[in-house]
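The lines below spell out each chain.
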Amino acid sequence: MVKSENFIYFFTICGFFIGLMFSVLNFTEPEEILFYTLEITLVFYLIIHVAVMNFFDFDRLSTFIFDKKDHESIGDYFIQELENREKVMDSLLASIDNMNQHYDKIMKGSMESNESYSKKAA
């Protein structure tokens, strides 16, 4: 099966050459030749786009290009993985916060208790 892009390229080039032949046969000024060649090329370009939109079954082709079920299952897997990693990160942050609080208690307690240890030692 031929891709739709190839039809568009082919008919655009055909439009260019038909426009060039028509312009050379009917006009003598270079500006007119250029203008009408580009205008006819544009008309062919637009016509082939309308033809491609009407005659190609994009619903059937889209399943080959973009498989919705496959992408949804991959997306669900990544969402689940992100939720699991978020839970792990939350537990790690909670344990780090717990360690910081414990460290602060130890440091505050060691400053107060340093005097008591020095008194006990003496």
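As the structure is a prediction and not an experimental result, all values here were calculated from the model.

## Concerning the overall build of the protein chain
- Counting its secondary structure elements, the protein chain contains 4 helices and 0 strands.
- When the helices and strands of the protein chain are read in sequence order from the N terminus, they spell out α-α-α-α.
- Across the 122 residues of the protein chain, 11% fall into the buried class.
- Restricting to contacts in the protein chain with at least 6 residues of sequence separation, those with at least 24 account for 62%.
- Taken as a whole, the protein chain presents about 10,700 Å² of accessible surface, with 66% of it coming from carbon and sulfur.

## Focus: helix 1 (residues 4-26)
- With 23 residues, helix 1 ought to run about 33 Å at 1.5 Å a step, and its terminal C-alpha atoms sit 33 Å apart, in line with that.
- Within helix 1, burial applies to Ser4, Ile8, Thr12, Gly15, Gly19 and Ser23.
- On the buried face of helix 1, the contacting elements are helix 2 (30-55).

## What to know about the pattern of salt bridges
- The full count for this structure, using the stated rule, is 1 salt bridge.
- We note a salt bridge from Arg85 to Glu81, for which the minimum N-O separation is 3.9 Å. One end of the pair is Arg85 and the other is Glu81, both in helix 4 (residues 68-121) and 4 residues apart, which spans about a single turn.
- Using a relative accessible area of 57% as the deciding quantity, one classes Arg85 as exposed.
- Glu81 gets classed as partly exposed once you look at its relative accessible area, which sits at 25%.

## Describing the packing of aromatic side chains
- What the rule picks out here adds up to 6 aromatic pairs.
- With 6.2 Å between their ring centres and 80 degrees between their planes, Phe22 and Phe27 make a pair best called edge-to-face.
- With a centroid separation of 5.2 Å and 75 degrees between ring planes, the pair formed by Phe35 and Tyr36 is classed as edge-to-face.
- A network of ring pairs unites the aromatic residues Phe22, Phe27, Phe35 and Tyr36 as a single cluster.

## Observations regarding the side chain of Thr41
- Considering the arrangement of structural elements, one finds Thr41 in helix 2.
- The class of Thr41 is buried, set by a relative accessible area of 13%.
- At a separation of 2.7 Å, a polar atom in the side chain of Thr41 contacts the main-chain carbonyl oxygen of Thr37.

## Focus: the environment of Leu46
- Mapped onto the fold, Leu46 is located in helix 2.
- Spatially, the C-alpha atoms of Leu46 and Ile8 are 9.2 Å apart, while their sequence positions differ by 38 residues.

## Section: the UniProt feature "transmembrane region" (unreviewed entry) in the protein chain
- Listed under "transmembrane region" (unreviewed entry) in the UniProt record, and renumbered for this structure, are residues 7-27 and 33-56.
- A helix fraction of 95% and a strand fraction of 0% characterise residues 7-27, whose end C-alpha atoms lie 29 Å from each other.

## Some remarks on helix 2
- The terminal C-alpha atoms of helix 2 lie 37 Å apart, and with 26 residues this matches the ideal 38 Å at 1.5 Å per residue to within 8%.
- Within the sequence span of helix 2, burial applies to Thr37, Ile40, Thr41, Ile48 and Val52.

Scoring rules and cut-offs
Residues numbered from 1 in each chain as written. Predicted model: local features only at pLDDT ≥ 70, side-chain atom pairs only at ≥ 80, totals over all residues. Heavy atoms only, no water. Helix = DSSP H or I, 4+ residues; strand = E, 2+ residues; numbered from the N terminus. Buried < 20%, exposed > 50% of the residue type's maximum accessible area, 1.4 Å probe, protein only. Contact = heavy atoms within 4.5 Å. Areas by Shrake-Rupley, 256 points an atom, 1.4 Å probe, with all protein chains shown as cover. Expected span 1.5 Å × (residues − 1). Salt bridge = Lys/Arg side-chain N within 4 Å of Asp/Glu carboxyl O. Phe/Tyr/Trp six-rings, centres within 6.5 Å; stacked < 30°, edge-to-face > 60°. Polar contact = N/O pair within 3.5 Å; in protein donor to acceptor, adjacent residues only side chain to side chain. UniProt positions renumbered as here; feature names shortened; annotations may be inferred.

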